Each structure stands twice: as structure tokens, then as C-alpha cells.
Amino acid sequence: PNVGKSSALNSLLKEKRVQVSSTPGKTKHFQTFKMKLDGKDVTLCDCPGLVFPNLAASKSEMFCNGILPIDHMRDCVGPISYLIEKIPRIVLESVYGMKLPVPDIELEKGRLPYPHEVLREYGALRGFMTTRGTLDESRAAR
């Protein structure tokens, strides 16, 4: 189950459409290919391991789980929001050496960090700047 899907797909398509390797783990992203089978349109899927997105998975989840390539991400707020929901503030701060703003209003105590707070802090720490001298949040998200 963890080897041979890409090879099988190339065989069914009767041409090399997917990279293959003698060792497992070559496929990094979920991808689909259309073909005709007995006159019917069929969609074949290739993916790393046994990871298939379910119908309820959001695009943000698929980016974070490596199903969709990060280079195809157009909006970074969704995936960063997803990560913030899963990773506690203290872990983000300790692992990445960040100091995220602490909410100062009583009503906001315990709120999650905003995506732009995380991106600005991480981008500043890594020196990710645009040619205009502003923080590059898109690069920080990748």
C-alpha cells in the first residue's frame, strides 16, 4: 500500500506522467489524472502513502498536511489560522523563538494569536523583507 501507486498510474496511463523511485516516498503531493476507460471519463489519484483528502478537508488542512504543494498557496491566512488552532502559543514561541503579543484587554485574555501577528513576528526574526522594505508575510508563511 505504501509503494507502487505511481508506477501503477503510469502503467494505466501508458506513459510516464508521474515520477517514480525504487524506494517509497517519492510522491510528495496529491495529484489527479483524467483518462478514458471503456468510453467513460475516469479520474485517477496519486498521493504520498495512503493520504487521501476527504470531502470535508479544507484547502488549509490540505496545505498543512502536504497534500497540496505549498507553491500553489495563494492566501496564507487560512493555513496559518489552522496551525494556530492546533499549536499552543507557548509552543510557537519556544520552538520558533518568537514573542507573540499578549492580549491586554480583559475580554481578549486567552485568545489565539492572529495569523498576521505570527507571520510578522516570524518574518521579522528571519529577516523576510520585500524589495520595498516591508515584512514579507507570504514568504514567512511558506
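Criteria and thresholds
Residues numbered from 1 in each chain as written. Predicted model: local features only at pLDDT ≥ 70, side-chain atom pairs only at ≥ 80, totals over all residues. Heavy atoms only, no water. Helix = DSSP H or I, 4+ residues; strand = E, 2+ residues; numbered from the N terminus. Contact = heavy atoms within 4.5 Å. Phe/Tyr/Trp six-rings, centres within 6.5 Å; stacked < 30°, edge-to-face > 60°.

Visitor: An account of the environment of A140 is requested, with residue identities and associated values reported.
Guide: As for its position among the elements, A140 is in helix α6 (residues 137-141). C-alpha of A140 to C-alpha of Y122: the two residues are 18 residues apart in sequence and 6.4 Å apart in space. In this structure, A140 is in contact with L119, Y122, G123 and F128, ignoring residues within four places of it in sequence.

Visitor: An account of the packing of aromatic side chains is needed here, citing residue identities and associated values.
Guide: Working definition: an aromatic ring pair is given by the centre-to-centre distance plus the angle between the planes. Tallied over the entire structure, the rule returns two aromatic pairs. Here Y96 and Y122 contribute two aromatic rings whose centre-to-centre distance is 5.6 Å and whose plane-to-plane angle is 90°, an arrangement assigned as edge-to-face. Of the two residues, Y96 is situated in helix α4 (residues 89-96) and Y122 in helix α5 (residues 115-126); the sequence distance between them amounts to 26 residues. Ring centres of Y122 and F128 lie 6.2 Å apart, and the angle between their planes is 65°; on these two criteria the pair is classed as edge-to-face. Taken together, the ring pairs in this structure connect Y96, Y122 and F128 into an aromatic cluster.

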